[in-house]
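Chain residues, written in single-letter form:
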Amino acid sequence: MNTIAALIDFTEITPKIIDFSAQQAKAHGAELYLLHVEPESGAKLYRKIDEAERNRRAKILRQEHEALLAKASELREHFDISIHPVLMEGAEVEEAIVEEIKKLEADHVVLGNHHHSGLHNYLFGSVGQKLIKNLKCPLTIISAGV
């Protein structure tokens with residue numbers, strides 16, 4: 001195993017995903033990529049937005065990028081692993097994730113399960129389901145708990 005991709009969203013399950021992924025990277029001598037997609041920004045490109053909205057979105061992206069860099073630095077020191085934070089934008093979150101994972105040629109993908117309702121998953125699908133259909137590498141799903 002050379003490359004692990006961990007999908008993070010800065011929710012309550014993110015620490016579990018990061019911890020598991022870092023342990024796996026350490027155990028297998030793999031590189032770890034922390035992938036975070038900012039979904040709103042891509043979707044908002046389809047309509048005209050004012051300067052205040054652009055500034056608000058830019059501030060959020062800066063904060064998320066800084067949080068991602070800080071977490072990567074902390075993990076490098078704690079686990080002594082090669083880690084790469086990746087912040088992506090896109091209206092289609094699943095497509096952005098699949099494209100990046102394929103580009104990285106990831107051997108293993110780790111993501112969280114947020115336990116959305118059956119109706120939510122029926123209407124919108126889940127990231128995990130879409131990744132299972134589009135990727136050939138193993139996926140580990142970390143449960144948020146109930």
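Scroll up to find the structure this text is about.
Residues numbered from 1 in each chain as written. Predicted model: local features only at pLDDT ≥ 70, side-chain atom pairs only at ≥ 80, totals over all residues. Heavy atoms only, no water.

Student: Help me out: how do you make sense of the overall build of the chain in this one?
Tutor: Helix and strand counts for the chain come out as six helices and five strands. Listing every helix and strand of the chain by position from the N terminus yields β-α-β-α-α-β-α-β-α-α-β. With 146 residues in all, the chain has 40% of them scored as buried. Across the chain, contacts joining residues at least 24 apart in sequence account for 79% of those joining residues at least 6 apart. Counting only carbon and sulfur atoms, one obtains 52% of the accessible surface of the chain, whose full area is about 8,800 Å². (Helix = DSSP H or I, 4+ residues; strand = E, 2+ residues; numbered from the N terminus. Buried < 20%, exposed > 50% of the residue type's maximum accessible area, 1.4 Å probe, protein only. Contact = heavy atoms within 4.5 Å. Areas by Shrake-Rupley, 256 points an atom, 1.4 Å probe, with all protein chains shown as cover.)

Student: Help me understand the pairing of strand 2 (residues 31-38), please; the structure alone is not making it clear to me.
Tutor: Side-chain positions along a regular strand alternate between the two faces of the sheet. Here strand 2 lies mainly inside the structure; seven of its eight residues are buried. As paired elements, strand 1 (residues 3-7) and strand 2 share five bridges and run parallel to each other. Counted as the bridge partner of Thr 3 is Glu 31 from strand 2. Handedness of the crossover joining strand 1 and strand 2 through helix 1 (residues 14-28): right-handed. Pairing of strand 2 with strand 3 (residues 83-89) involves seven bridges; the strand directions are parallel. Bridge assignment links Leu 35 to a residue of strand 3, and that residue is Val 86. (Pairing = 2+ DSSP bridges. Right-handed = clockwise from strand over helix to strand, strands pointing away.)

Student: Looking at this model, I keep getting lost on the nonpolar core. Mind explaining?
Tutor: In globular proteins that are soluble, nonpolar side chains generally tend to be buried together. The biggest cluster of nonpolar side chains holds 19 residues, and the ones touching the most others in it are Ile 17, Leu 32, Leu 34 and Leu 75. Looking at this core, the elements with two or more residues in it are strand 1, helix 1, strand 2 and helix 3 (51-79). Leave out the neighbours within four places in its chain, and Leu 34 touches Ala 6, Ile 8, Ile 18, Leu 68, Lys 71, Ala 72, Leu 75, Ile 83, His 84, Pro 85 and Val 86. Ranked by size, the runner-up nonpolar core spans 18 residues in total, among them Ala 5, Val 98, Ala 106 and Leu 135. (Core = buried A, V, L, I, M, F, W, Y, C linked by side-chain atoms within 4.5 Å.)

Student: Sorry if this is basic, but what is going on with the environment of Asn 113 here?
Tutor: Within the secondary structure, Asn 113 is located in strand 4 (residues 108-113). Counting along the chain gives 100 residues from Asn 113 to Ile 13, while the straight-line C-alpha distance between them is 8.1 Å. Those residues in contact with Asn 113 that lie beyond four places of it in its chain are Ile 13, Ile 141, Ile 142, Ser 143 and Ala 144.

Student: Would you mind showing me how to read the pattern of salt bridges here?
Tutor: Note that side chains of opposite charge can pair when their charged atoms are close. With the rule as written, the count across this model stands at three salt bridges. Residue Arg 56 is joined to Glu 53 by a salt bridge in which the shortest nitrogen-to-oxygen separation is 3.1 Å. Highlighted residues: Arg 56 and Glu 53, both in helix 3, separated by three residues, approximately one helical turn. Relative accessible area serves as the criterion here: at 15%, Glu 53 is assigned to the buried category. Glu 100 serves as the salt-bridge partner of Lys 103, at 3.3 Å between the closest nitrogen and oxygen. (Salt bridge = Lys/Arg side-chain N within 4 Å of Asp/Glu carboxyl O.)

On their own, these measurements won't tell you what the molecule is for.
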